[in-house]
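Fold and contact review
Each chain, written out:
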Amino acid sequence: MTNSRWLLTWTLATAITVGGWLAFETYWRGQSYAPTVMDSFDLWSQHRARAVKSAPPLRLAMLGASRIQYGLSPAVFRDETHTLGLNVDPIMLAVNGHYPLAALRDLSEDDQFAGIALVGIDARGMDRNVWEMQAAHIQRYRHDWSPSREVHRRLLSRVQAYAIAARPDFALVTLIKRYLNSQGSPYKEYVTFERDRSGGTDYRKSDIAAIHTARVADLRNYYSMHTPPTPEAWLADMREVVRWVEKINARGGKVVFYREPVSGEHIELDEANFPRATYWDKLLPIMPALMIDFRDYPELNIATPDTSHIDIKDIDRHTRALVQVLKRKRVL
Amino acid sequence: MTFDSLTFALFLAIVFPLYAWLGSWPARKNVLLVASCVFYGSWNPFFLLLLAFTTGFDWWAAQRIYAASSMRTRRVWFWASIIASLSLLGYFKYAQFFANSAIEWLALVGVTYKPIDLGIVLPLGISFYTFESISYIADVYKRRIEPTKSLRDYGLFMTFFPHLVAGPIMRFGDFNAQTITPRVVTADATALGAYMLIAGLFLKIVGADHVFAPISDIVFAPDYKAGFIAAWAGAFAFSMQVYCDFAGYSLAALGIAKMFGFHLPANFESPFASVGIAELWTRWHISLSNWLRDYVFNPLGHYRKGRFRGYLNVMITFTACGFWHGAAWHFVVWGAMHGAFLVSERLLKDSIGDWKIWDAKPVRWLLALLTFALFSLAVVFFRTSTLTLAWERVIAMFGVAIKDAASLAWNGDSKVFVTGLVIGLAVQAWLKPRKGWEWLPAIAWPWRVALLSLMSLAIVLSPGRTNAFIYFQF
């Protein structure tokens, strides 16, 4: 064995690997697929760690589920606040499909957090049964987050932004399994996702009628399986949330609860199960936080094609409108 | 940082050229020591202090043992060190377990306490480096080795990053010989070491995480009702998963060490081609089984004190082995099962005798498969989080079907798993007579290129499942 053979081995293997990867990228890009950053516990933790960095800038944690994650842009938010002469660092901590009260509790228990918590939520999301939906994210942040993971996640986000091969649904073994299952090519997403954990739903790329039907059916099914708590029980539970908010307020922070735009059957079902007058409005007198319902602010009443989420083209308008409302209400 | 992370790729890209570039051996050792501390501290800087304490105290205690003029003083320092090491391990690894067990036992006699959460986080690699420090102290005490006067060299032995968090469990005598003599970075060793690193990552990322984990995750999910085939498939899948995971890590560790000019002992040598559990333990987690042999089984008396005492010693050693793996009863049962297999095997060998038929190839293949099946039966207790769940899977493996038991669908997951299983066992059978990786440079270079390209490309095209290394939890 000689060095030159090892050199030859490594040179050829590297060339074949790079060539194979480039061919892979070229093929899938030719099929109209694109690279995208993928969300993960580590990406959430990376941004969560920012929320407790000292001010300035003012740290603003965006909590919520998909309506915040796919409805607000931290970049646009930052830009709009800059035009108002403010130095704000918006941090996207919303998690698709997971209501956020565990994250609010986590921030309240973290003495280092003295910023603004913008909580995208509705009365259903305040039901105690769904409080712990983001608990796993907090657990991972508290126990597993490390400098090592931070470096890895930062590098991974860069790679994911440029390589389809970094998408788990394009993993070689996964593709082989799809072929064996006669499932064809991976699903073409209509949801985009960025390194700052914000996303967008591009309904031009989707079958909007099918998504609309499925969304309404899911909600109808949810309400048929989950009886809402009585207004009294719900309000009693909220007293615990009030204490979390008081803790943040005591440190000089602020909390805003924001009921994001929804429409059609969605708002009808929500009203039938959690009538605003007997839930949300009853909370107003006891909650030491600003509470915004989109119906009270015409500029926030933006169309939601699937009844629950705004379209990607409206994110800019929605974000800037919300900044203006927050400014007007002296939160910013 | 783990070997399969981008953080480690960046770390290696900085540390290796710096190490290779430096001319002075003491300077290179300093670089390795600092790099190892960064490697470990990147998980949790606090635990670096714990490792520093263990390292410093044991280094000092070894000096005192060596310098002691009386046997009594030697013994005092020896036990002081052992107790300090085991106390730290006991607190971080077993305190919660003992607290939970005490509450459960008290409940049996009618005294009830609320479960308590001690909130203890297990320092990474503590089980491994504690065993290394114990072996050092024991070897100095037994006068097998002389203690080192260099705290840096001892620190490097304890922290050397390729083996720090999951072994192989090194002996100071073997490692120190390499720190005294300057290591040479050669192109051949670097090329072979990097090849082994790629092979290790391939086993972990492709084999463990993509091929085998999906099946074991399905079958060992708490609410899954496994039937006969599903239970065996899950057990086989996890056996292969844990092999690919840990052997992959060990191989990567060996490869990285080789790049730096160090030799670490092999930790896995085709264990699933073993004929009998006794042989399997000479090929599976070799550094641990050797440690247990030298520091538990032999001091207990081996088989020297009679056959039945020998069987008891085997049971004690392997039950301790199970307990070392994890502070939970299912690990204890797993270890005890291996002890029972070993005792049974010895009893059978003693009673059956040396018939020629046992050497026939087809018979040896069948016995190897039986060995793999026995390993897989026991591994159920390793994989599950409770004894109840393990028992459910084991009785399903013996055909006692649970009501509404599920049969594993013959889909992409299953087909890839079966293919991986067959290839995995065949490769181990092929590798069995070949020791280490010396065979690799000897094969024709086009085959080397093909194998390396295949593994590299598969790694590049296998993102997504970032399961932690299984042995990191120990």
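Chains are numbered independently. Their residues run from 1 in the order of the written sequence. Ligands are numbered from 1 and chains lettered from A, in the order in which they are written. Owing to the predicted nature of the model, reporting of local features is limited to residues with pLDDT of at least 70; listing and counting of side-chain atom pairs is limited to 80 or more, with chain, interface and lining totals taken over all residues. Derived side-chain values reflect all non-hydrogen atoms in the structure, with water molecules and hydrogen atoms excluded from consideration.

Turning to the packing of aromatic side chains, a few remarks are in order. A pair of Phe, Tyr and Trp rings is counted when the ring centres sit within 6.5 Å of each other, with Trp represented by its six-membered ring. The angle between the planes then sorts it: under 30 degrees is stacked, over 60 is edge-to-face, the rest tilted. If you walk through the whole model with that rule in mind, you get 81 aromatic pairs over all chains. With a centroid separation of 5.0 Å and an interplanar angle of 75°, the aromatic rings of Y33 of chain A and F170 of chain A are classed as edge-to-face. With Y33 of chain A in the loop between α1 (3-30) and α2 (41-50) and F170 of chain A in the loop between α7 (147-162) and α8 (172-180), the pair connects residues that are 137 residues apart, well separated along the chain. Relative accessibility decides the category of a residue: with a 1.4 Å probe and only protein chains considered, values under 20% of the type maximum give buried, values over 50% give exposed, and everything between is partly exposed. By relative accessible area, Y33 of chain A is classed as buried at 8%. Given the relative accessible area of 0%, F170 of chain A is considered buried. The ring centre of Y303 of chain B lies 3.8 Å from the NZ or CZ of R346 of chain B, which sits over that ring. In this analysis the charged atom, NZ for Lys or CZ for Arg, is taken to sit over a ring once it is within 6 Å of the ring centre and within 35 degrees of the ring normal. Here R448 of chain B stacks its cationic end above the ring of W6 of chain A, 4.4 Å away from the centre of that ring. Only DSSP runs of H or I reaching four residues or more are called helices, and only runs of E reaching two or more are called strands; each is numbered from the N terminus.

The next subject is the domain arrangement of chain B. Residues and elements named next belong to chain B. Assigned domains within chain B: domain 1 (6-183) and domain 2 (189-473). Using only C-alpha atoms to locate each centre, domain 1 and domain 2 end up separated by 26 Å. By the convention used here, residues are in contact when the closest approach between their heavy atoms is within 4.5 Å. Facing 39 residues of domain 1, the contacting portion of domain 2 comprises 34 residues. Of all residues in domain 1, the largest losses of buried area upon contact with domain 2 belong to F97, F131 and P168, amounting jointly to 18% of the total for that side. Throughout this description, the term salt bridge denotes a Lys or Arg side-chain nitrogen within 4 Å of a carboxyl oxygen of Asp or Glu. Viewed at the interface, domain 2 and domain 1 are joined by one salt bridge. The closest approach of N and O atoms between R171 and D294, which form a salt bridge, is 3.0 Å. By the criterion applied in these results, polar contacts are pairs of N or O atoms within 3.5 Å in which, for protein atoms, one can donate a hydrogen and the other can accept it, and in which residues neighboring in sequence qualify only through two side-chain atoms. Applying the counting rule to domain 1 against domain 2 returns eleven residue pairs in polar contact (both at pLDDT 80 or more). For the side of domain 1 that touches domain 2, the secondary structure elements donating two or more residues are α1 (6-21), α2 (25-41), α4 (71-108), α5 (126-141) and α7 (172-180). The classification used treats Ala, Val, Leu, Ile, Met, Phe, Trp, Tyr, Cys and Pro as nonpolar, Asp, Glu, Lys and Arg as charged, and all other residues, Gly among them, as polar. The class makeup of the residues in the side of domain 1 that touches domain 2 is 27 nonpolar, seven polar and five charged. What fixes the domain bounds is an automatic or database domain assignment. The quantity reported as buried area is the accessible area (1.4 Å probe) lost by two parts once they are put together, taken as the sum for both.

Contact with chain B, which involves 39 residues of that partner, is made by 37 residues of chain A. Regarding the contact of chain B and chain A, the summed buried area is about 3,200 Å², with carbon and sulfur atoms giving 73% of it. On the chain B side of the interface with chain A, the three residues burying the most area are L6, D188 and L461 of chain B, jointly 19% of the side's total. Between D413 of chain B and K177 of chain A there is a salt bridge whose closest N-O contact spans 2.8 Å. Summed over the shared surface of chain B and chain A, the result is eleven residue pairs in polar contact (both at pLDDT 80 or more). Taken together, the elements giving at least two residues each to the side of chain B that touches chain A come down to α1, α8 (187-219), α16 (412-431), α17 (439-442) and α18 (445-460) of chain B.

A separate point is helix α6 (residues 151-159) of chain B. The periodicity of an α-helix, 3.6 residues per turn, causes residues three or four places apart in sequence to face the same way. Residues and elements named next belong to chain B. Buried residues dominate α6, accounting for seven of its nine residues. The set of residues buried in α6 consists of D153, Y154, G155, L156, F157, M158 and T159. Next to the buried residues of α6 lie α2, α3 (45-67), α5 and α7.

Here we come to empty space enclosed by the protein. All names here are of chain A. Of the two site types, the cavity is a set of points on a 1 Å grid over the protein atoms alone where a 1.4 Å probe fits but cannot get out, and the pocket is an open set with protein on both sides within 12 Å along at least five of seven lines, each lined by residues with an atom within 4 Å of a point. Grid points are joined across faces, edges and corners, and a volume is the space filled by probe spheres set on the points. For the structure on display, the rule yields two cavities of 30 Å³ or more. For the largest cavity, the calculated volume is near 100 Å³. Every residue lining the largest cavity is counted, 13 residues in all, and those nearest its centre are D122, A123, R259, E271 and F274. Classifying every residue of the lining of the largest cavity by side-chain character gives five nonpolar, no polar and eight charged. Its boundaries defined by the atoms lining it, the second largest cavity holds a volume of some 50 Å³. Around the second largest cavity, the lining residues are S66, R67, Y70, G71, E260, P261, S308, H309, I310 and H318.

This brings us to the sheet that holds strand β6 (residues 254-259) of chain A. Residue and element names in this part refer to chain A. Read across the sheet, five strands follow the order β2-β1-β3-β6-β7 without closing on themselves; strand pairing throughout is parallel. Single-partner strands in this sheet number two, and they are β2 (88-92) and β7 (290-293). Adjacent strand axes in the sheet meet at a mean angle of 20°, parallel and antiparallel pairs treated alike. Strand pairing requires that DSSP identify at least two bridges connecting the strands. The pairing of strand β1 (residues 58-63) with strand β3 (residues 116-120) spans four bridges and is parallel. Note that in β3 the partner of M62 across the bridge is L118. Note on geometry: axes are lines fitted to C-alpha atoms, helical ones only across the stretch in contact, with angles between N-to-C directions running from 0 to 180 degrees.

Moving on: the domain arrangement of chain A. All names here are of chain A. Taken domain by domain, chain A consists of domain 1 (1-30) and domain 2 (33-328). Distance between the C-alpha centres of domain 1 and domain 2: 42 Å. At the interface, five residues of domain 1 touch ten residues of domain 2. Both sides together, the interface formed by domain 1 and domain 2 hides about 680 Å², and carbon and sulfur atoms give 69% of it. The largest share of the area that domain 1 buries against domain 2 comes from F24, W28 and R29, three residues that together contribute 79% of it. Across the contact surface, domain 1 and domain 2 share zero salt bridges. At the junction of domain 1 and domain 2, the tally comes to four residue pairs in polar contact (both at pLDDT 80 or more). When its residues are assigned to classes, the side of domain 1 that touches domain 2 shows three nonpolar, no polar and two charged.

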